Every structure is written in C-alpha cells, then in structure tokens.
Amino acid sequence: MAELATIETAQSAGARHAWVERAGGPGLGRDHPPPRPEPRASAIGGRRRKEQDSVTGGGGTLRAALAYARMGWPVFPCRPGEKVPATGRGFLDATTDRERIASWWTAAPERNVAVATGAPGPDVLDVDIRPDGSGFAAFNRLQREGMIGHPRVIIRTPGGGMHAYYPGTTQRSGHLATCHIDFRGHGGYILAPPSVVNGRPYVVISRQPSQDTFDWDKARQLLDPHATPPVRSHRAGRVGDPRQLAAWVAAQPVGNRNAGLFWAASRAIESGHADALDGLARAAQAAGLTPAEASRTIRSAQRRASEGHRPAGCDHEAAT
C-alpha cells in the first residue's frame, strides 16, 4: 500500500467527510464509512514525500505522471483542462517509459494526467452526478449488497462524482447510462490527480490497503439485468462481425469514445472490413462524438494503416 501514498491529498479529514455527505446525501453518508485518518507526509520518507507532492500539485503533472508510472500504471497526456487525449491513439499510447513521459509533459506541463485502466493499471468504478440523476444511488445499492468491498482509493471528481480504485484485472470497460455509473477496466482510462477539468481538480478523499476487486458483470446484472451483454474481445486480425464493433463503439462512455473508435476502425481495416468504417463513424456519433470528431479519428486510423503500422496495444485492446 506504500506506493499509493503518492496520491495523498492535502485536504483535511473534515473537508473530505463533508464532501462524502454532500455527494451521496443520507445514503452515502450512512452506508460509506468516513475516511480514515491519513499519515502525514513526514511519515512517508524522502522519495515518497517528493512523489506525494507531485500528485497533490506541489511538484507538477510531470512528476505525478512519473509517480504513477513507478507504480506500474501506464499513463498518457490529455489536453489541458480536458478529458480529451493529447496523443493520436489515446490510452493505446499509455506507457510507463520515463523518457517518453518526460517528453510529453516537458513539451506541455499543463496537460492533464490520464491512467490507462485495467491491469497493470487500476480498475475504477466511476460514479457520476448529472442533471438527470446521480450514480450514488446505484453505488449505495451495490454497497448494501456487499459488492463494493474496500476500494484502495476514493477520488472526488470535478463534477462532484467519485472514482473508486481497485486492483486491476482483465475485465473490460462498461457503461450503465441509466444508473449513471461506468466501469473503467481494459479499454478505458481515467484522469488522475492533480488533473483539472473546468477549473476543478481531482482530489483524493480516502485510501487504505486492500486487495478487494470489483466484479463489474455481477454489478451490471444487479443494477440492470436486461442490459445487453458485452461483446467479447477479439485479438488483432481475428475481428468478428463488424456490427459487433459498431455496437461496442456506440456504447462507449465519455472519455473512451475517440480511443474506442480508433481501435475499432483499426481492427476493421486490418480484417478487410474497410467498408464498415462509415457504420463505425455513425456509431461513434450515437455515442456522442460530433461528425467532425468521428471523421478525424477514422482518418487517423486510415493514415496509421497506410503507413504500415500495426496499432500498438494489441494485448491492451479496447473491446469488451
């Protein structure tokens, strides 16, 4: 658990608990235990203290990204103040290579830090608060059923929602729009502290040693038993029906849409289904991309294929 001290927060325990009460209302305040007192930075030690400072904003996003990489979590940059990847292939570009990370954030220190989810990165349950509803009701239901366990880290997101971090597994990302929750596993990513969106930061609320994992399929069956089961993944060169790719692209949540479209378009091209690209673009628009964004991502996949590059991350693909 010592490595998770790198995402320690400077907030007081009282402020953290007040957020828990506000975010979840009576349900979360009752069902979720108050954050444990955290060790002070002085107890962490020299090098760990420097890593901690980097993630809480004292040392900048570059050192934060390097701290995550030392934990074995692949990272990549997003545009300043946004969730949009600053690289051509999004989470497929994620790496733990120090030199590449340094080059990204040295060129643009204000970029946000994104972590590719799913082993070797963390699994993350993403609880949203939106004008039409809150994901905390679903979170509390999962907790009452004993399915939340003990997340290693809880992050307050800029919109008032929550990220609950678990040890990474091979589960694939998923989305339950009506419940306002997402699961970020393989094929996904999240912004991590000290990233900022709309002037508001991602902040650590609590952390604890834990080996508990989160079973997304079991949670999905409880919350929405009639939801369409996820399309099973395929290795590069063995893509099945292009309609399955389109259905998967259409179901991608905010934060995964561009990267997911790129992945699906690349696989369609590799398998000789370039005629399916228009359908993939329409599916991406159904997921919320603009026509211009979808076209740009499709062109990027075509350009990459014409250059003779096999898309990186074949073992880190985005299909669910």
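Relevant structure appears above.
Procedures and definitions
Residues numbered from 1 in each chain as written. Predicted model: local features only at pLDDT ≥ 70, side-chain atom pairs only at ≥ 80, totals over all residues. Heavy atoms only, no water. Helix = DSSP H or I, 4+ residues; strand = E, 2+ residues; numbered from the N terminus. Buried < 20%, exposed > 50% of the residue type's maximum accessible area, 1.4 Å probe, protein only. Contact = heavy atoms within 4.5 Å. Axes fitted to C-alpha atoms, helices over the stretch in contact; angles between N-to-C directions. Parallel < 35°, antiparallel > 145°, perpendicular 65-115°, else oblique. Left-handed = near helix turned anticlockwise from the far one by under 90°. Nonpolar A, V, L, I, M, F, W, Y, C, P; charged D, E, K, R; others polar. Pairing = 2+ DSSP bridges. Salt bridge = Lys/Arg side-chain N within 4 Å of Asp/Glu carboxyl O. Polar contact = N/O pair within 3.5 Å; in protein donor to acceptor, adjacent residues only side chain to side chain.

**Q** Got a minute to help me understand the overall build of the protein chain in this structure?
**A** Secondary structure assignment for the protein chain yields ten helices and 13 strands. Relative to its full complement of 320 residues, the protein chain shows a buried share of 52%. Of the contacts formed within the protein chain by residues at least 6 apart in sequence, a portion of 74% connects residues at least 24 apart.

**Q** Explanation requested: the packing of helix H3 (residues 60-70) against helix H4 (residues 98-107) in the structure shown.
**A** The description of two helices packed together rests on the angle between their axes and the distance between the axes. Packing of H3 against H4 leaves a shortest axis separation of 9 Å and a crossing angle of 160°. In this view, H3 runs roughly antiparallel relative to H4, as classed from their interaxial angle. Classified by chirality, the crossing of H4 by H3 is right-handed. Contact residues: H3 offers Thr61, Leu62, Ala65, Leu66, Ala69 and Arg70, while H4 offers Arg98, Ile101, Ala102, Trp105 and Thr106. Here the contact of H3 with H4 is composed, by residue class, of seven nonpolar, two polar and two charged.

**Q** Help me understand the sheet that holds strand E10 (residues 189-192) in this model?
**A** Sheet strands pair by backbone hydrogen bonding; their relative direction is either parallel or antiparallel. What the three strands build is an open sheet, ordered E1-E2-E10; its pairing is antiparallel. Either end of the sheet is taken by a strand with one partner, and the two such strands are strand E1 (75-78) and E10. Across the sheet, the mean angle from the axis of one strand to that of its neighbour is 40°, orientation sign disregarded. Two strands pair when backbone bridges link them, and E1 and strand E2 (residues 112-116) are joined in this way by four bridges, in the antiparallel orientation. Across the sheet, residue valine 75 finds its bridge partner in E2, namely valine 115. Strands in contact with H3 are E1, E2 and E10; relative to E2, the strand with the most contacts, it is inclined by about 10°. The strands that H4 touches are E1 and E2; relative to E1, the one it contacts most, it runs at about 15°.

**Q** Looking at this structure, how should I read the pattern of salt bridges?
**A** Side-chain pairs of opposite charge can arise where the charged atoms are in close proximity. Summed over all chains, the structure comprises six salt bridges. A salt bridge links arginine 79 to glutamate 82; its shortest N-O distance comes to 4.0 Å. Taking relative accessible area as the criterion, arginine 79 reaches 39% and is therefore assigned partly exposed. Relative accessible area serves as the criterion here: at 33%, glutamate 82 is assigned to the partly exposed category. Residues joined in a network through salt bridges with shared partners are Asp126, Asp182 and Arg184.

**Q** Explanation requested: the packing of helix H8 (residues 257-270) against helix H10 (residues 291-306) in the structure shown.
**A** Contact geometry of H8 with H10 gives a least axis separation of 9 Å together with a crossing angle of 45°. One finds that H8 runs oblique with respect to H10. Handedness of the crossing formed by H8 with H10: right-handed. Contacts between H8 and H10 involve Asn258, Leu261, Phe262, Ala265, Ser266 and Ile269 on the former and, on the latter, Glu293, Ala294, Thr297, Ile298, Ser300, Ala301, Gln302, Arg304 and Ala305. For the contact of H8 with H10, the class distribution of residues is eight nonpolar, five polar and two charged.

**Q** In this structure, what is going on with the side chain of serine 195? I would like to understand it.
**A** Looking at where serine 195 falls in the secondary structure, it is placed in the loop between E10 and strand E11 (196-197). Assessed through its relative accessible area of 0%, serine 195 is described here as buried. Separated by 2.8 Å, the side chain of serine 195 and the backbone nitrogen of valine 113 make a polar contact. Serine 195 has contacts with Asn112, Val113, Arg200, Pro201 and Tyr202, leaving out every residue within four places of it along the chain.

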